[in-house]
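# Chains, contacts and geometry: an overview
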2 protein chains.
Amino acid sequence: MFSKSIVKYIQSLQHKKFRDEHRAFVAEGPRVVGELLKSRQFKCNNIYATSGWIINYKKDLLTEHQEKITEVKDFELEKLASFSSPNSVIAEFRIKENVESVNFNNRITLMLDDIRDPGNFGTIIRIADWFGIENIICSADTVDVYNPKVVQSTMASLGRVNIIYGDIEYHIKNNPAIKTYAATLDGKDIKETGKIKEGMIIIGNEAKGISSNVLDRVNEKITIPRYGVAESLNAAVATGIILYALVE
Amino acid sequence: MFSKSIVKYIQSLQHKKFRDEHRAFVAEGPRVVGELLKSRQFKCNNIYATSGWIINYKKDLLTEHQEKITEVKDFELEKLASFSSPNSVIAEFRIKENVESVNFNNRITLMLDDIRDPGNFGTIIRIADWFGIENIICSADTVDVYNPKVVQSTMASLGRVNIIYGDIEYHIKNNPAIKTYAATLDGKDIKETGKIKEGMIIIGNEAKGISSNVLDRVNEKITIPRYGVAESLNAAVATGIILYALVE
(Lines give C-alpha, C1' and ligand atoms only; values in the text may rest on other atoms or scores of the structure.)
Protein backbone atom coordinates (compact mmCIF):
# COMPACT_ATOMS: atom_id res chain seq x y z
CA MET A 1 0.00 0.00 0.00
CA PHE A 2 1.20 3.52 -0.65
CA SER A 3 0.20 7.09 0.03
CA LYS A 4 -1.57 9.59 -2.20
CA SER A 5 1.63 11.58 -2.50
CA ILE A 6 3.36 8.61 -4.14
CA VAL A 7 0.52 8.27 -6.66
CA LYS A 8 0.80 11.98 -7.37
CA TYR A 9 4.58 11.80 -7.72
CA ILE A 10 4.61 8.78 -10.08
CA GLN A 11 1.83 10.29 -12.20
CA SER A 12 3.74 13.56 -12.40
CA LEU A 13 6.59 11.70 -14.11
CA GLN A 14 4.38 11.32 -17.17
CA HIS A 15 5.36 14.94 -17.87
CA LYS A 16 8.79 16.03 -19.03
CA LYS A 17 8.82 19.05 -16.70
CA PHE A 18 8.62 16.82 -13.63
CA ARG A 19 10.95 14.16 -15.04
CA ASP A 20 13.57 16.89 -15.50
CA GLU A 21 12.91 18.30 -12.04
CA HIS A 22 13.18 14.95 -10.25
CA ARG A 23 15.66 13.36 -12.70
CA ALA A 24 13.47 10.23 -12.74
CA PHE A 25 11.29 8.27 -15.17
CA VAL A 26 8.86 5.36 -15.04
CA ALA A 27 8.81 2.00 -16.86
CA GLU A 28 5.81 -0.35 -16.89
CA GLY A 29 5.31 -4.07 -17.34
CA PRO A 30 7.51 -7.08 -16.54
CA ARG A 31 9.42 -7.11 -19.80
CA VAL A 32 10.60 -3.51 -19.90
CA VAL A 33 11.17 -3.28 -16.13
CA GLY A 34 12.95 -6.65 -16.08
CA GLU A 35 15.31 -5.74 -18.89
CA LEU A 36 16.09 -2.32 -17.42
CA LEU A 37 16.92 -3.91 -14.07
CA LYS A 38 19.04 -6.55 -15.78
CA SER A 39 20.96 -4.04 -17.90
CA ARG A 40 21.97 -2.06 -14.79
CA GLN A 41 22.14 1.05 -17.00
CA PHE A 42 19.71 3.00 -14.85
CA LYS A 43 19.71 3.25 -11.08
CA CYS A 44 16.40 1.92 -9.78
CA ASN A 45 14.65 4.12 -7.20
CA ASN A 46 11.43 2.21 -6.53
CA ILE A 47 9.53 -0.86 -7.66
CA TYR A 48 5.76 -1.22 -7.25
CA ALA A 49 4.77 -4.80 -7.99
CA THR A 50 2.07 -7.39 -7.41
CA SER A 51 2.89 -10.50 -5.39
CA GLY A 52 2.77 -12.48 -8.65
CA TRP A 53 5.63 -10.47 -10.14
CA ILE A 54 7.66 -10.63 -6.95
CA ILE A 55 7.38 -14.43 -6.78
CA ASN A 56 8.30 -14.91 -10.44
CA TYR A 57 11.08 -12.42 -10.65
CA LYS A 58 14.63 -13.65 -10.54
CA LYS A 59 15.91 -14.11 -7.01
CA ASP A 60 19.29 -12.42 -7.45
CA LEU A 61 17.78 -9.20 -8.78
CA LEU A 62 15.23 -9.30 -6.01
CA THR A 63 17.92 -9.44 -3.38
CA GLU A 64 19.68 -6.52 -4.99
CA HIS A 65 16.50 -4.45 -5.09
CA GLN A 66 14.74 -5.88 -2.04
CA GLU A 67 14.45 -2.66 -0.12
CA LYS A 68 13.04 -0.84 -3.14
CA ILE A 69 10.03 -3.10 -3.65
CA THR A 70 6.55 -2.14 -2.48
CA GLU A 71 4.01 -4.90 -2.87
CA VAL A 72 0.74 -3.58 -4.28
CA LYS A 73 -2.63 -4.85 -5.47
CA ASP A 74 -3.68 -4.72 -9.14
CA PHE A 75 -6.11 -1.85 -8.55
CA GLU A 76 -3.39 0.15 -6.82
CA LEU A 77 -1.02 -0.37 -9.74
CA GLU A 78 -3.66 0.99 -12.08
CA LYS A 79 -3.56 4.32 -10.28
CA LEU A 80 0.15 4.67 -11.01
CA ALA A 81 0.07 3.53 -14.63
CA SER A 82 0.07 5.71 -17.72
CA PHE A 83 -1.13 2.77 -19.83
CA SER A 84 -4.47 1.07 -19.43
CA SER A 85 -3.00 -2.34 -18.59
CA PRO A 86 -0.24 -1.79 -16.03
CA ASN A 87 0.69 -5.46 -16.03
CA SER A 88 2.11 -6.49 -12.62
CA VAL A 89 5.00 -4.02 -12.14
CA ILE A 90 5.91 -0.34 -12.40
CA ALA A 91 9.38 0.92 -11.57
CA GLU A 92 10.90 4.33 -11.12
CA PHE A 93 14.45 4.81 -12.42
CA ARG A 94 16.99 7.57 -12.26
CA ILE A 95 17.62 9.51 -15.49
CA LYS A 96 21.23 9.23 -16.67
CA GLU A 97 23.42 12.26 -17.12
CA ASN A 98 23.70 13.27 -20.78
CA VAL A 99 27.00 12.04 -22.24
CA GLU A 100 29.07 14.89 -23.64
CA SER A 101 31.81 13.14 -25.61
CA VAL A 102 30.93 10.53 -28.20
CA ASN A 103 33.31 8.21 -30.03
CA PHE A 104 32.39 8.08 -33.71
CA ASN A 105 35.36 5.97 -34.84
CA ASN A 106 34.92 2.46 -36.24
CA ARG A 107 31.18 2.40 -35.65
CA ILE A 108 27.93 3.55 -37.18
CA THR A 109 26.12 6.28 -35.26
CA LEU A 110 22.48 7.16 -35.78
CA MET A 111 21.54 10.87 -35.69
CA LEU A 112 17.88 11.84 -35.27
CA ASP A 113 17.02 15.33 -36.47
CA ASP A 114 13.82 16.19 -34.67
CA ILE A 115 11.86 12.92 -34.50
CA ARG A 116 8.59 13.90 -32.81
CA ASP A 117 6.49 10.75 -32.56
CA PRO A 118 7.19 8.75 -29.34
CA GLY A 119 6.27 5.46 -31.04
CA ASN A 120 8.69 6.14 -33.90
CA PHE A 121 11.49 7.07 -31.50
CA GLY A 122 11.01 3.96 -29.34
CA THR A 123 10.88 1.76 -32.44
CA ILE A 124 14.10 3.36 -33.75
CA ILE A 125 15.87 2.58 -30.45
CA ARG A 126 14.74 -1.05 -30.80
CA ILE A 127 16.01 -1.13 -34.42
CA ALA A 128 19.36 0.33 -33.33
CA ASP A 129 19.63 -2.40 -30.70
CA TRP A 130 18.87 -5.07 -33.35
CA PHE A 131 21.60 -3.75 -35.66
CA GLY A 132 24.16 -3.29 -32.89
CA ILE A 133 24.21 0.53 -33.00
CA GLU A 134 25.78 1.84 -29.80
CA ASN A 135 24.89 5.53 -29.82
CA ILE A 136 21.99 7.64 -31.05
CA ILE A 137 22.50 11.40 -31.15
CA CYS A 138 19.23 13.33 -30.98
CA SER A 139 18.64 16.99 -31.80
CA ALA A 140 17.29 19.04 -28.89
CA ASP A 141 13.78 19.02 -30.42
CA THR A 142 13.57 15.25 -30.61
CA VAL A 143 10.86 13.84 -28.31
CA ASP A 144 12.07 13.06 -24.76
CA VAL A 145 13.44 9.52 -24.49
CA TYR A 146 11.89 9.15 -21.01
CA ASN A 147 8.38 9.84 -22.31
CA PRO A 148 6.33 6.78 -21.19
CA LYS A 149 5.35 5.91 -24.78
CA VAL A 150 8.98 5.96 -25.89
CA VAL A 151 10.10 3.82 -22.95
CA GLN A 152 7.31 1.34 -23.72
CA SER A 153 7.89 1.08 -27.46
CA THR A 154 11.63 0.49 -27.06
CA MET A 155 10.58 -2.97 -25.84
CA ALA A 156 13.44 -3.10 -23.37
CA SER A 157 16.18 -1.92 -25.75
CA LEU A 158 16.56 1.33 -23.78
CA GLY A 159 19.21 -0.14 -21.51
CA ARG A 160 21.39 -1.21 -24.44
CA VAL A 161 21.58 1.90 -26.65
CA ASN A 162 23.01 5.24 -25.49
CA ILE A 163 20.68 8.14 -26.20
CA ILE A 164 22.55 11.43 -26.32
CA TYR A 165 20.89 14.81 -26.86
CA GLY A 166 23.14 17.20 -28.71
CA ASP A 167 23.77 19.40 -31.72
CA ILE A 168 23.99 17.33 -34.90
CA GLU A 169 25.68 20.14 -36.85
CA TYR A 170 28.32 20.50 -34.12
CA HIS A 171 29.15 16.78 -34.17
CA ILE A 172 29.45 16.78 -37.99
CA LYS A 173 31.74 19.84 -37.91
CA ASN A 174 33.88 18.40 -35.11
CA ASN A 175 34.39 15.04 -36.79
CA PRO A 176 35.38 15.85 -40.37
CA ALA A 177 36.92 12.40 -40.87
CA ILE A 178 33.62 10.61 -40.26
CA LYS A 179 31.49 10.26 -43.39
CA THR A 180 27.88 11.46 -43.10
CA TYR A 181 24.82 9.98 -44.81
CA ALA A 182 21.47 11.77 -44.92
CA ALA A 183 18.23 9.84 -45.55
CA THR A 184 16.33 11.88 -48.14
CA LEU A 185 13.90 11.32 -51.00
CA ASP A 186 16.30 12.53 -53.71
CA GLY A 187 19.63 10.91 -52.93
CA LYS A 188 21.68 8.02 -54.26
CA ASP A 189 20.02 4.58 -54.20
CA ILE A 190 21.16 2.87 -50.95
CA LYS A 191 21.90 -0.22 -53.02
CA GLU A 192 24.84 1.69 -54.51
CA THR A 193 26.17 2.94 -51.18
CA GLY A 194 27.45 -0.47 -50.22
CA LYS A 195 28.27 -1.65 -46.72
CA ILE A 196 29.94 0.72 -44.27
CA LYS A 197 31.81 0.17 -41.02
CA GLU A 198 31.86 3.77 -39.87
CA GLY A 199 29.65 6.80 -40.39
CA MET A 200 26.86 9.04 -39.17
CA ILE A 201 23.44 8.19 -40.58
CA ILE A 202 20.98 11.07 -40.25
CA ILE A 203 17.20 10.53 -40.15
CA GLY A 204 14.94 13.58 -40.40
CA ASN A 205 11.65 14.74 -38.94
CA GLU A 206 8.50 12.81 -39.97
CA ALA A 207 7.00 15.76 -41.87
CA LYS A 208 9.84 18.14 -42.69
CA GLY A 209 12.77 15.78 -43.21
CA ILE A 210 16.31 16.86 -42.31
CA SER A 211 16.90 20.54 -41.54
CA SER A 212 18.76 22.46 -44.24
CA ASN A 213 21.65 23.43 -41.90
CA VAL A 214 22.43 19.77 -41.36
CA LEU A 215 21.74 18.77 -44.97
CA ASP A 216 24.26 21.34 -46.23
CA ARG A 217 27.02 19.57 -44.33
CA VAL A 218 26.49 15.92 -45.27
CA ASN A 219 28.74 13.94 -47.59
CA GLU A 220 26.07 11.84 -49.20
CA LYS A 221 22.30 11.86 -49.57
CA ILE A 222 20.88 8.34 -49.64
CA THR A 223 17.45 7.11 -50.71
CA ILE A 224 15.47 3.88 -50.45
CA PRO A 225 14.41 2.78 -53.96
CA ARG A 226 10.67 3.18 -54.59
CA TYR A 227 8.76 0.76 -56.83
CA GLY A 228 5.25 2.06 -56.14
CA VAL A 229 3.48 5.33 -55.43
CA ALA A 230 3.56 6.16 -51.68
CA GLU A 231 5.04 9.61 -51.07
CA SER A 232 7.30 8.54 -48.23
CA LEU A 233 8.01 5.83 -45.68
CA ASN A 234 7.51 6.03 -41.92
CA ALA A 235 10.72 7.32 -40.23
CA ALA A 236 11.26 4.13 -38.20
CA VAL A 237 10.68 1.88 -41.23
CA ALA A 238 13.15 3.96 -43.25
CA THR A 239 15.72 3.66 -40.44
CA GLY A 240 15.30 -0.13 -40.42
CA ILE A 241 15.77 -0.47 -44.17
CA ILE A 242 18.79 1.85 -44.24
CA LEU A 243 20.55 0.05 -41.39
CA TYR A 244 19.81 -3.31 -43.03
CA ALA A 245 21.30 -2.03 -46.29
CA LEU A 246 24.38 -0.34 -44.79
CA VAL A 247 25.44 -2.29 -41.69
CA GLU A 248 28.04 -4.93 -42.45
CA MET B 1 -24.37 23.16 -40.02
CA PHE B 2 -25.59 19.66 -39.31
CA SER B 3 -27.95 17.86 -36.99
CA LYS B 4 -27.19 15.90 -33.84
CA SER B 5 -28.10 12.69 -35.64
CA ILE B 6 -25.25 13.26 -38.14
CA VAL B 7 -22.78 13.78 -35.29
CA LYS B 8 -24.02 10.58 -33.69
CA TYR B 9 -23.84 8.67 -36.96
CA ILE B 10 -20.29 9.79 -37.87
CA GLN B 11 -19.05 9.10 -34.33
CA SER B 12 -20.64 5.64 -34.45
CA LEU B 13 -18.36 4.81 -37.41
CA GLN B 14 -15.41 4.80 -35.01
CA HIS B 15 -16.68 1.32 -34.06
CA LYS B 16 -16.43 -1.72 -36.31
CA LYS B 17 -19.93 -2.88 -35.45
CA PHE B 18 -21.46 0.27 -36.92
CA ARG B 19 -19.05 0.41 -39.86
CA ASP B 20 -20.14 -3.12 -40.79
CA GLU B 21 -23.79 -2.26 -40.31
CA HIS B 22 -23.68 0.90 -42.44
CA ARG B 23 -20.91 -0.28 -44.80
CA ALA B 24 -19.19 3.08 -44.32
CA PHE B 25 -15.99 4.51 -42.82
CA VAL B 26 -14.50 7.91 -42.08
CA ALA B 27 -11.26 9.58 -43.18
CA GLU B 28 -9.90 12.78 -41.64
CA GLY B 29 -7.61 15.56 -42.81
CA PRO B 30 -6.92 17.05 -46.24
CA ARG B 31 -4.18 14.64 -47.24
CA VAL B 32 -5.97 11.35 -46.60
CA VAL B 33 -9.37 12.62 -47.78
CA GLY B 34 -7.82 14.25 -50.86
CA GLU B 35 -5.97 11.09 -51.90
CA LEU B 36 -9.00 8.86 -51.31
CA LEU B 37 -11.16 11.15 -53.47
CA LYS B 38 -8.45 11.25 -56.16
CA SER B 39 -7.98 7.48 -56.21
CA ARG B 40 -11.72 6.94 -56.86
CA GLN B 41 -11.37 3.58 -55.12
CA PHE B 42 -14.08 4.32 -52.56
CA LYS B 43 -17.46 5.87 -53.26
CA CYS B 44 -17.74 9.09 -51.24
CA ASN B 45 -20.98 9.53 -49.30
CA ASN B 46 -20.43 12.84 -47.52
CA ILE B 47 -17.78 15.52 -47.04
CA TYR B 48 -17.77 17.86 -44.02
CA ALA B 49 -15.28 20.65 -44.64
CA THR B 50 -14.34 24.16 -43.60
CA SER B 51 -14.57 26.96 -46.16
CA GLY B 52 -10.76 26.99 -46.28
CA TRP B 53 -10.63 23.41 -47.50
CA ILE B 54 -13.43 23.98 -50.01
CA ILE B 55 -11.65 27.00 -51.54
CA ASN B 56 -8.30 25.22 -51.78
CA TYR B 57 -9.49 21.89 -53.00
CA LYS B 58 -9.15 21.08 -56.65
CA LYS B 59 -12.05 22.40 -58.72
CA ASP B 60 -12.70 19.27 -60.78
CA LEU B 61 -13.09 17.04 -57.73
CA LEU B 62 -15.29 19.65 -56.13
CA THR B 63 -17.65 19.60 -59.11
CA GLU B 64 -17.82 15.84 -58.95
CA HIS B 65 -18.61 15.88 -55.25
CA GLN B 66 -20.41 19.20 -55.01
CA GLU B 67 -23.70 17.88 -53.69
CA LYS B 68 -21.91 15.84 -51.00
CA ILE B 69 -20.18 18.77 -49.33
CA THR B 70 -21.47 20.32 -46.12
CA GLU B 71 -19.61 23.46 -45.09
CA VAL B 72 -18.89 23.44 -41.36
CA LYS B 73 -17.03 25.51 -38.80
CA ASP B 74 -13.90 24.27 -37.04
CA PHE B 75 -15.71 23.67 -33.77
CA GLU B 76 -18.35 21.60 -35.56
CA LEU B 77 -15.69 19.48 -37.26
CA GLU B 78 -14.21 18.73 -33.85
CA LYS B 79 -17.43 17.05 -32.80
CA LEU B 80 -17.17 14.60 -35.69
CA ALA B 81 -13.47 13.82 -35.38
CA SER B 82 -11.91 10.81 -33.75
CA PHE B 83 -8.54 12.61 -33.60
CA SER B 84 -7.84 15.71 -31.57
CA SER B 85 -6.93 17.85 -34.58
CA PRO B 86 -9.57 17.25 -37.24
CA ASN B 87 -7.78 19.50 -39.71
CA SER B 88 -10.29 21.10 -42.14
CA VAL B 89 -12.10 18.07 -43.60
CA ILE B 90 -13.77 14.79 -42.67
CA ALA B 91 -15.31 12.51 -45.28
CA GLU B 92 -17.49 9.44 -45.13
CA PHE B 93 -16.77 6.74 -47.70
CA ARG B 94 -18.45 3.53 -48.69
CA ILE B 95 -16.68 0.29 -47.67
CA LYS B 96 -15.71 -1.84 -50.67
CA GLU B 97 -16.97 -5.38 -51.07
CA ASN B 98 -14.32 -7.93 -50.10
CA VAL B 99 -12.61 -9.35 -53.20
CA GLU B 100 -12.96 -13.11 -53.37
CA SER B 101 -10.53 -14.10 -56.13
CA VAL B 102 -6.93 -12.92 -56.02
CA ASN B 103 -4.33 -13.24 -58.75
CA PHE B 104 -1.03 -14.39 -57.24
CA ASN B 105 0.83 -14.84 -60.54
CA ASN B 106 3.82 -12.68 -61.47
CA ARG B 107 3.55 -10.49 -58.40
CA ILE B 108 4.47 -10.42 -54.74
CA THR B 109 1.54 -10.64 -52.33
CA LEU B 110 1.75 -9.70 -48.66
CA MET B 111 -0.13 -11.93 -46.18
CA LEU B 112 -0.78 -10.60 -42.65
CA ASP B 113 -1.43 -13.28 -40.05
CA ASP B 114 -3.25 -11.49 -37.27
CA ILE B 115 -1.64 -8.04 -37.11
CA ARG B 116 -3.42 -6.35 -34.19
CA ASP B 117 -1.92 -2.89 -33.89
CA PRO B 118 -3.74 -0.30 -36.06
CA GLY B 119 -0.60 1.82 -36.44
CA ASN B 120 1.40 -1.20 -37.60
CA PHE B 121 -1.27 -2.19 -40.11
CA GLY B 122 -1.57 1.32 -41.57
CA THR B 123 2.21 1.59 -41.81
CA ILE B 124 2.37 -1.79 -43.58
CA ILE B 125 -0.19 -0.59 -46.17
CA ARG B 126 1.99 2.48 -46.78
CA ILE B 127 5.08 0.25 -47.15
CA ALA B 128 3.22 -2.01 -49.61
CA ASP B 129 2.32 1.06 -51.65
CA TRP B 130 5.98 2.21 -51.65
CA PHE B 131 7.17 -1.17 -52.93
CA GLY B 132 4.40 -1.55 -55.52
CA ILE B 133 2.58 -4.42 -53.79
CA GLU B 134 -0.93 -4.69 -55.23
CA ASN B 135 -2.71 -6.98 -52.76
CA ILE B 136 -2.54 -7.64 -49.01
CA ILE B 137 -4.36 -10.72 -47.73
CA CYS B 138 -5.30 -10.42 -44.04
CA SER B 139 -6.39 -13.18 -41.69
CA ALA B 140 -9.86 -12.68 -40.18
CA ASP B 141 -8.33 -11.61 -36.85
CA THR B 142 -6.25 -8.83 -38.36
CA VAL B 143 -7.39 -5.39 -37.14
CA ASP B 144 -10.13 -3.79 -39.28
CA VAL B 145 -8.66 -1.74 -42.14
CA TYR B 146 -11.39 0.89 -41.71
CA ASN B 147 -10.43 1.53 -38.07
CA PRO B 148 -9.76 5.33 -37.94
CA LYS B 149 -6.18 4.80 -36.73
CA VAL B 150 -5.43 2.43 -39.62
CA VAL B 151 -6.97 4.81 -42.18
CA GLN B 152 -4.92 7.67 -40.73
CA SER B 153 -1.59 5.85 -40.59
CA THR B 154 -1.83 4.60 -44.17
CA MET B 155 -1.11 8.22 -45.07
CA ALA B 156 -3.34 8.02 -48.15
CA SER B 157 -2.01 4.71 -49.48
CA LEU B 158 -5.35 3.03 -48.73
CA GLY B 159 -6.75 3.83 -52.19
CA ARG B 160 -3.79 2.19 -53.93
CA VAL B 161 -3.44 -1.20 -52.21
CA ASN B 162 -6.20 -3.85 -52.18
CA ILE B 163 -6.91 -5.15 -48.69
CA ILE B 164 -8.55 -8.55 -48.77
CA TYR B 165 -9.69 -10.45 -45.66
CA GLY B 166 -9.43 -14.17 -46.14
CA ASP B 167 -7.95 -17.48 -45.03
CA ILE B 168 -4.18 -17.52 -45.51
CA GLU B 169 -3.98 -21.33 -45.28
CA TYR B 170 -6.68 -21.66 -47.97
CA HIS B 171 -4.80 -19.38 -50.37
CA ILE B 172 -1.54 -21.27 -49.84
CA LYS B 173 -3.26 -24.63 -50.45
CA ASN B 174 -5.07 -23.36 -53.52
CA ASN B 175 -1.96 -21.91 -55.14
CA PRO B 176 0.67 -24.62 -54.89
CA ALA B 177 2.72 -23.11 -57.70
CA ILE B 178 3.29 -19.85 -55.79
CA LYS B 179 6.28 -19.94 -53.46
CA THR B 180 5.63 -18.90 -49.85
CA TYR B 181 8.02 -17.07 -47.51
CA ALA B 182 7.40 -16.76 -43.76
CA ALA B 183 9.09 -14.01 -41.73
CA THR B 184 10.43 -15.75 -38.60
CA LEU B 185 13.32 -15.43 -36.15
CA ASP B 186 14.92 -18.77 -37.11
CA GLY B 187 14.87 -18.88 -40.92
CA LYS B 188 17.34 -18.36 -43.73
CA ASP B 189 19.11 -15.00 -43.89
CA ILE B 190 17.08 -12.82 -46.32
CA LYS B 191 20.37 -11.86 -47.96
CA GLU B 192 20.55 -15.42 -49.29
CA THR B 193 16.97 -15.49 -50.56
CA GLY B 194 17.78 -13.20 -53.44
CA LYS B 195 15.30 -11.11 -55.43
CA ILE B 196 11.91 -12.57 -56.28
CA LYS B 197 9.27 -11.61 -58.84
CA GLU B 198 6.46 -13.76 -57.46
CA GLY B 199 5.52 -15.13 -54.07
CA MET B 200 3.50 -14.81 -50.89
CA ILE B 201 5.33 -13.13 -48.02
CA ILE B 202 3.74 -13.87 -44.64
CA ILE B 203 4.13 -11.54 -41.64
CA GLY B 204 2.96 -12.75 -38.24
CA ASN B 205 1.30 -11.31 -35.17
CA GLU B 206 3.31 -8.78 -33.11
CA ALA B 207 3.58 -11.05 -30.06
CA LYS B 208 2.94 -14.61 -31.26
CA GLY B 209 4.40 -14.57 -34.77
CA ILE B 210 2.89 -16.73 -37.52
CA SER B 211 0.35 -19.38 -36.50
CA SER B 212 1.61 -22.95 -36.68
CA ASN B 213 -1.05 -24.05 -39.22
CA VAL B 214 0.27 -21.51 -41.68
CA LEU B 215 3.91 -22.07 -40.78
CA ASP B 216 3.59 -25.80 -41.52
CA ARG B 217 2.70 -25.03 -45.12
CA VAL B 218 5.34 -22.49 -46.14
CA ASN B 219 8.23 -23.22 -48.51
CA GLU B 220 10.80 -21.05 -46.81
CA LYS B 221 11.33 -19.36 -43.48
CA ILE B 222 13.23 -16.09 -43.85
CA THR B 223 14.97 -13.97 -41.22
CA ILE B 224 16.48 -10.49 -41.04
CA PRO B 225 20.11 -10.74 -39.89
CA ARG B 226 20.65 -9.46 -36.34
CA TYR B 227 23.91 -7.75 -35.32
CA GLY B 228 22.85 -6.64 -31.86
CA VAL B 229 20.72 -7.83 -28.97
CA ALA B 230 17.03 -6.78 -29.45
CA GLU B 231 14.71 -9.78 -29.27
CA SER B 232 12.66 -8.82 -32.31
CA LEU B 233 11.79 -6.02 -34.69
CA ASN B 234 8.46 -4.20 -34.96
CA ALA B 235 6.19 -5.98 -37.50
CA ALA B 236 6.00 -2.96 -39.85
CA VAL B 237 9.77 -2.41 -39.74
CA ALA B 238 10.34 -6.11 -40.51
CA THR B 239 7.92 -5.88 -43.46
CA GLY B 240 9.80 -2.88 -44.83
CA ILE B 241 13.20 -4.58 -44.59
CA ILE B 242 11.93 -7.84 -46.14
CA LEU B 243 10.28 -6.08 -49.07
CA TYR B 244 13.42 -4.00 -49.63
CA ALA B 245 15.51 -7.18 -49.65
CA LEU B 246 13.21 -9.27 -51.87
CA VAL B 247 11.42 -6.94 -54.33
CA GLU B 248 13.26 -6.66 -57.62
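Everything here concerns the structure above.
Read on for an overview of the structure. (Residues numbered from 1 in each chain as written. Chains lettered and ligands numbered in written order. Predicted model: local features only at pLDDT ≥ 70, side-chain atom pairs only at ≥ 80, totals over all residues. Heavy atoms only, no water.)

### Topic: the relation of the copies chain A and chain B
Both copies of the chain are tied together by a single rotation about an axis and a shift running along it. The transform that puts chain A on chain B rotates by 180° and translates by 0.0 Å along the axis, for an RMSD of 0.0 Å. In short, the pair behaves as if placed about a two-fold rotation axis. Counting the interface residues of chain A, we find that 100% of their copies in chain B are interface residues as well, pointing to one common contact surface. (Least-squares fit on C-alpha atoms with pLDDT ≥ 70 in both. Contact = heavy atoms within 4.5 Å.)

### Some remarks on the sheet that holds strand β1 (residues 24–28) of chain B
Residues and elements named next belong to chain B. Strand order in the open sheet formed by four strands is β1-β4-β2-β3, with mixed pairing between adjacent strands. Of all strands in the sheet, those with a lone pairing partner are β1 and β3 (69–71), marking the two edges. Across the sheet, the axes of successive neighbouring strands diverge by a mean angle of 15°, strand direction being ignored. The pairing of strand β2 (residues 44–49) with strand β4 (residues 89–94) spans five bridges and is antiparallel. From the neighbouring strand, Tyr48 faces β4, where its bridge partner is Ile90. (Pairing = 2+ DSSP bridges. Helix = DSSP H or I, 4+ residues; strand = E, 2+ residues; numbered from the N terminus. Axes fitted to C-alpha atoms, helices over the stretch in contact; angles between N-to-C directions.)

### With respect to the side chain of Thr109(B)
Its place among the elements puts Thr109(B) in strand β5 (residues 108–113). The residues contacting Thr109(B), other than those within four sequence positions of it, are Phe104(B), Asn135(B), Ile137(B), Gly199(B), Met200(B) and Ile201(B).

### Some thoughts on the pattern of salt bridges
Per the stated rule, a full pass over the model turns up 32 salt bridges over all chains. One salt bridge in this structure joins Arg19(B) and Asp144(B), with 2.8 Å as the shortest N-O distance. With Arg19(B) in helix α2 (residues 16–22) and Asp144(B) in the loop between β6 (135–138) and α8 (148–153), this pair connects stretches of sequence that are 125 residues apart. Looking at Asp144(B), the relative accessible area reads 10%, which means it is buried. Among the ionic contacts, a cluster of salt bridges with common partners joins Glu35(A), Lys38(A), Asp129(A) and Arg160(A). (Salt bridge = Lys/Arg side-chain N within 4 Å of Asp/Glu carboxyl O. Buried < 20%, exposed > 50% of the residue type's maximum accessible area, 1.4 Å probe, protein only.)

### Considering the pairing of β4(B)
Residue and element names in this part refer to chain B. The element β4 is largely enclosed, with a buried count of five among its six residues. In this sheet, β4 lies alongside β1 in antiparallel orientation, the contact comprising five bridges. Counted as the bridge partner of Glu28 is Ile90 from β4.

### Here we look at the packing of helix α7 (residues 118–130) of chain A against helix α12 (residues 235–246) of chain A
All names here are of chain A. The N-to-C vectors of α7 and α12 enclose an angle of 15°; their axes lie 8 Å apart at closest approach. Between α7 and α12, the angle is such that the two are roughly parallel. The way α7 lies across α12 gives a crossing that is right-handed. Within the contact between the two elements, α7 uses Asn120, Thr123, Ile124, Ile127 and Ala128 and α12 uses Ala235, Ala236, Thr239, Gly240 and Leu243. Residue classes in the contact of α7 with α12 are distributed as six nonpolar, four polar and no charged. (Parallel < 35°, antiparallel > 145°, perpendicular 65-115°, else oblique. Left-handed = near helix turned anticlockwise from the far one by under 90°. Nonpolar A, V, L, I, M, F, W, Y, C, P; charged D, E, K, R; others polar.)

### Re the side chain of Asp113(A)
All names here are of chain A. With respect to the secondary-structure elements, Asp113 resides in strand β5 (residues 108–113). Nearest to the buried, unbridged Asp113 among oppositely charged side chains is Lys208, at 7.8 Å. At a separation of 2.8 Å, a polar atom in the side chain of Asp113 contacts the main-chain amide nitrogen of Ser211. Here Asp113 is in contact with Ser139, Thr142, Ile168, Ile202, Ile203, Gly204, Asn205, Gly209, Ile210, Ser211 and Val214, once residues within four sequence places are set aside. (Lys, Arg positive; Asp, Glu negative; His and termini not counted. Polar contact = N/O pair within 3.5 Å; in protein donor to acceptor, adjacent residues only side chain to side chain.)

### Points about the sheet that holds β5(B)
Residues and elements named next belong to chain B. What the six strands build is an open sheet, ordered β7-β6-β5-β9-β8-β10; its pairing is parallel. This sheet does not close on itself; its edge strands, each paired only once, are β7 (162–165) and β10 (220–223). When the angles between neighbouring strand axes are averaged without regard to direction, this sheet yields 35°. As defined by bridge partners, strand β8 (residues 180–189) adjoins β10 across five bridges and the pair is classed as parallel. Looking across to β10, one finds that Tyr181 is bridged to Glu220.

### Description of the packing of aromatic side chains
Residues and elements named next belong to chain A. Per the counting criterion, the structure on display carries 13 aromatic pairs over all chains. When the centroid spacing of 4.5 Å and the interplanar angle of 35° are considered together, the rings of Phe25 and Tyr146 count as tilted. Residue Phe25 is found in strand β1 (residues 24–28), and its partner Tyr146 is found in the loop between β6 (135–138) and α8 (148–153); the two are separated by 121 residues along the sequence. With centroids separated by 6.1 Å and ring planes inclined at 90°, the aromatic side chains of Phe42 and Tyr146 adopt a geometry described as edge-to-face. You can see Phe42 sitting in the loop between α3 (30–39) and β2 (44–49) and its partner Tyr146 sitting in the loop between β6 and α8, a full 104 residues away along the chain. By relative accessible area, which is 7% here, Phe42 ends up buried. Of the aromatic side chains, those joined through ring pairs into one cluster are Phe25, Phe42, Phe93 and Tyr146. When the ring centre of Phe42 is taken as reference, the NZ or CZ atom of Lys96 above it lies at 4.9 Å. Over the ring of Tyr244 we find Lys195; its NZ or CZ atom is 5.7 Å from the centre of that ring. (Phe/Tyr/Trp six-rings, centres within 6.5 Å; stacked < 30°, edge-to-face > 60°. Lys NZ or Arg CZ within 6 Å of the ring centre and 35° of its normal.)

Fair warning: the whole summary comes from geometry, so function is off the table for now.
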